[in-house]
Amino acid sequence: MEEMNASIRYDKRLYRQDIAGSQAHAAMLARQGIIAAKDADAISHGLVTILSEIENGTFQFRDDLEDIHMNVEARLAELIGPAAGRLHTARSRNDQVATDFRLWIRDRIDLHRQQILDLVKVLVDRARQHAETVMPGFTHLQNAQPITVGHHLMCYVEMFGRDRDRFGDCRKRLNECPLGTAALAGTSFPIDRDGPSRELGFDRPCANSLDAVSDRDFALEYLAANAICSVHLSRLAEEIVLWSSTPFGYATLGDGFTTGSSIMPQKRNPDAAELVRARLGRVQGALTALLTVSKALPMAYSKDLQEDKEQVFDAADTLSLSLSAMSGILREIQFDKEVLRQAAGTGHATATDLADWLVREVEMPFREAHRVVGALVGLAEDAGCGLADLSLEQLQSVCKHIGEEAMAVLGVENSVASRRSYGGTAPCEVRRQIGIWEEKLKCAS
Ligand code: ARG
């Protein structure tokens, strides 16, 4: 039973939040005249001692005391005697653990939001550096139209920007204080719910005592935000693996986040990116696990809810590490402009530009232009060359309206520069977007 029931091995991570909650609760009990001031004083001093014992590693955690709450309380009794027994007045481990867990997740949200900001900063810096570097833009992983590396990196800035906001939204809903809702029904003691809530940095006390002790939607929402952010990281990680692969050769990774092979001396493996890509699995698993644990649980607290913590701890550690690894990878990555430029031109990537030219200059309907360029692509393929390599005579053999000026639109730089629409890939537009983010970053940090 002890082995199954005890959570101390992992919930000891809540010690700081647990002690802060107890401090706020004891002070409130004294203010309300529920316990004597001298007892509250003794409790407070005892808790300070326990905090330092835990932090300097001298605290003896005991499995037979089940969890962090009982471990702290038992030590408090050793330190200050019977007054320790007054701390648990008008409180239960049910509201206690819900409070601790909200505080812990809130800290992690703040950390992730800072880490995402660091990642966004790296992406914006690298995007500015490569605002003009052309690369192939894909749909279906087939060359579609040329884009710029800056534009591609700014795509992730938008995603991670939303992830950061998502964590912020989750924090707003999480930030209500369960303390004082007791086991499930509230308490007959004349407690003050507002004081401890304020002291612990919550916006307000939870309004319904049953809800406060039994729901974990704050943890689910945190895991969902974490999972979405991890999905974004896995997409970026996957692209980095592709870009740095031998067949692509678009980029070289730095030594900091790669490993060599024990047998092949030439290898530079993108292990960090691969692990970021893979670790989404753990986070997704945690979200599914907690959804499943919560499903169909009757009100109010059941021990099932103890199964919330390991999932959240693991997902939080995973995301923190993945975010900092990704920042490091991006700081070091070197793009090969020549290879990217070459690749951007293959696969007749500027076919749309020629079709657009026919629409603009010859006033051809787009569908007709699409057919003409399709025929030209066929011609190029028969000749074993790219669309951009066809001579004017060859172009005119399919469509006599095509003039010398049309040749210019077939170049990748011109193609990219022409896509100046809002949010488009043209260097001037990408720089404008970068500028907006640089301003946002100044305000955010
Ligand atoms: N260790 C428990 C948990 O994490 C604390 C709450 C225990 N409450 C109870 N009624 N047994 O959920």
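Draft legend 1. Expanded view of unusual backbone geometry. M299 connects to A300 through a cis peptide bond whose omega is 0 degrees. Position of A300 relative to the elements: it lies in the loop between α11 (271-294) and α12 (309-332). The phi angle at H348 is positive, at roughly 50 degrees, despite the residue not being glycine. When you line up the elements, H348 lands in the loop between α13 (337-345) and α14 (351-362). The buried category is assigned to H348, whose relative accessible area is 13%.

Draft legend 2. Inspection of the site of the ligand at higher detail. Lining the immediate environment of the ligand, one finds S7, D67, H69, R93, N94, V97, Y301, Q306 and K309. At 3.4 Å, a side-chain N or O of S7 approaches a nitrogen atom of the ligand. Interatomic distance of 2.8 Å between a side-chain N/O atom of Q306 and a nitrogen atom of the ligand. Within the complex, 85% of the 340 Å² of free accessible area of the ligand lies under protein. For the shell around the ligand, the element with the highest residue contribution is helix α6 (residues 93-129), accounting for 3 residues.

Draft legend 3. Fine view of the state of the cysteines. The final tally for this structure, using the stated rule, is 0 disulfides. For the unlinked cysteine C206, the closest cysteine sulfur is that of C177, found at 6.6 Å. Free cysteine C385: the closest other cysteine sulfur is in C399, separated by 18 Å. Residue classification places C385 among the partly exposed positions, given a relative accessible area of 24%.

Draft legend 4. The side chain of N175, seen in detail. As for its position among the elements, N175 is in the loop between α7 (149-174) and β3 (176-177). Polar side-chain contacts of N175 include one of 2.9 Å to the side chain of R106. In contact with N175, not counting residues within four places along its chain, are R106, G201, F202, D203 and R204.

Draft legend 5. Just the pairing of strand β1 (residues 134-139), in detail. Where β1 lies against strand β2 (residues 142-148), 6 bridges are found, and the strand directions are antiparallel. Residue pairing in the sheet places P136 in a bridge with P146 of β2. From the end of β1 to the start of β2, which pair antiparallel, there are 2 residues, and H140 there has a positive phi angle of about 55 degrees.

Draft legend 6. Up close: the pattern of salt bridges. The full count for this structure, using the stated rule, is 31 salt bridges. A salt bridge links D317 to R13, with the nearest nitrogen and oxygen atoms 2.9 Å apart. Within this pair, whereas D317 is found in helix α12, its partner R13 is found in the loop between α2 (8-11) and α3 (15-31), the two being separated by 304 residues in sequence. Across the pair E361 and R360 runs a salt bridge whose closest N-O atoms are separated by 3.7 Å. One exposure class covers both E361 and R360, and it is exposed. The structure contains a network of salt bridges with shared partners spanning E66, D67, R93 and K303.

Draft legend 7. Spatial organisation of the packing of α7 against helix α10 (residues 217-243). Closest axis-to-axis distance for the α7/α10 pair is 9 Å, and the angle between their directions is 170 degrees. Taken together, α7 and α10 sit at an angle that is classed as roughly antiparallel. Here α7 and α10 pass one another in a crossing that is left-handed. Its residues assigned to classes, the contact of α7 with α10 shows 14 nonpolar, 3 polar and 6 charged.

Draft legend 8. Region of interest: helix α5 (residues 68-80). The end-to-end C-alpha distance of α5, which contains 13 residues, comes to 18 Å, matching closely the 18 Å that a straight helix rising 1.5 Å per residue would cover. Where α5 is buried, its residues meet α2, α3, α4 (37-55) and α6. For α5, the N-terminal cap is D67; the gap from its side-chain oxygen to the backbone nitrogen of H69 is 3.3 Å. Directly beyond the C-terminal end of α5, a positive phi value near 80 degrees is found at G81.

Draft legend 9. Structural view of the side chain of E66. Tracing the sequence through the fold places E66 in the loop between α4 and α5. Accessibility expressed as a relative area gives 14% for E66, which makes it buried. Within polar-contact distance, the side chain of E66 engages the side chain of K303 at 2.9 Å. Among residues more than four places away in sequence, those in contact with E66 are N5, A6, S7, I8, N71, R93 and K303.

Draft legend 10. Layout of the packing of aromatic side chains. Within the structure shown, the criterion is met by 9 aromatic pairs. Between F167 and Y222, the aromatic rings sit 5.9 Å apart at their centres with planes inclined by 40 degrees, giving tilted as the arrangement. One end of the pair, F167, is in helix α7; the other, Y222, is in helix α10, with 55 residues separating them in the sequence. Given a relative accessible area of 0%, F167 falls into the buried group. Considering the side-chain rings of W243 and F335, the 5.8 Å spacing of their centres and the 65 degrees angle between planes classify their relative orientation as edge-to-face. With a gap of 92 residues between them, W243 in helix α10 and F335 in strand β6 (residues 334-335) connect regions that are remote in the sequence. Pair check on accessibility: W243 and F335 agree, each one buried. Aromatic ring contacts, followed pair by pair, group F101, W104, F218 and F313 into a single cluster. The cationic tip of R13 hangs over the ring face of F313; the distance from NZ or CZ to the ring centre is 4.9 Å. Its guanidinium or amino end placed over the ring of W437, K440 lies 3.9 Å from that ring's centre, counting from NZ or CZ.

Quick notes on the rules
- Each chain carries its own residue numbering, running from 1 in the direction its sequence is written.
- Side-chain atom pairs in this predicted model are given and counted only at pLDDT of 80 or more, local residue features only at pLDDT of at least 70, and totals for whole chains, interfaces and linings cover all residues.
- Excluding hydrogens and water, the side-chain figures rest on all heavy atoms present in the structure.
- Each helix is a run of H or I in the DSSP string that is no shorter than four residues. Each strand is a run of E no shorter than two, and both are numbered from the N terminus.
- Relative accessibility thresholds used throughout: buried, under 20% of the residue-type maximum; exposed, over 50%; partly exposed, between the two (1.4 Å probe, protein chains only).
- Throughout, near means a residue has at least one heavy atom within 4 Å of the molecule or strand.
- Whenever two N or O atoms come within 3.5 Å, that pair is a polar contact, provided that in protein one can donate a hydrogen and the other can accept it, and provided that, for residues adjacent in sequence, both atoms are side-chain atoms.
- Throughout, the Shrake-Rupley method with a 1.4 Å probe supplies accessible areas, and for residues the shown protein chains are the sole cover considered.
- In plain terms, two cysteine sulfur atoms within 2.5 Å form what is called a disulfide here.
- Residue contacts follow a heavy-atom distance rule, with two residues in contact if any of their heavy atoms lie within 4.5 Å.
- Here a strand pair is declared whenever DSSP counts at least two bridges between the two strands.
- For salt bridges, the criterion is a side-chain nitrogen of Lys or Arg within 4 Å of an Asp or Glu carboxyl oxygen.
- Every axis in this analysis is a line fitted to C-alpha atoms, fitted for helices over the stretch in contact. Angles between the N-to-C directions lie between 0 and 180 degrees.
- Relative orientations are named as follows: roughly parallel for angles under 35 degrees, roughly antiparallel for angles over 145 degrees, roughly perpendicular for angles from 65 to 115 degrees, and oblique for any other angle.
- Should the near helix be turned counterclockwise from the far one by less than a right angle, the crossing is left-handed, whereas a clockwise turn marks it as right-handed.
- Just so you know the grouping, Ala, Val, Leu, Ile, Met, Phe, Trp, Tyr, Cys and Pro go in nonpolar, Asp, Glu, Lys and Arg go in charged, and all remaining residues, Gly too, go in polar.
- Expected span of a helix: the number of residues minus one, times 1.5 Å.
- When the centres of two rings from Phe, Tyr and Trp lie within 6.5 Å, Trp using its six-membered ring, the rings pair. Their planes under 30 degrees apart give stacked, over 60 give edge-to-face, and anything left gives tilted.
- In this analysis the charged atom, NZ for Lys or CZ for Arg, is taken to sit over a ring once it is within 6 Å of the ring centre and within 35 degrees of the ring normal.

Bear in mind that shape data such as this cannot, by itself, settle questions of function.
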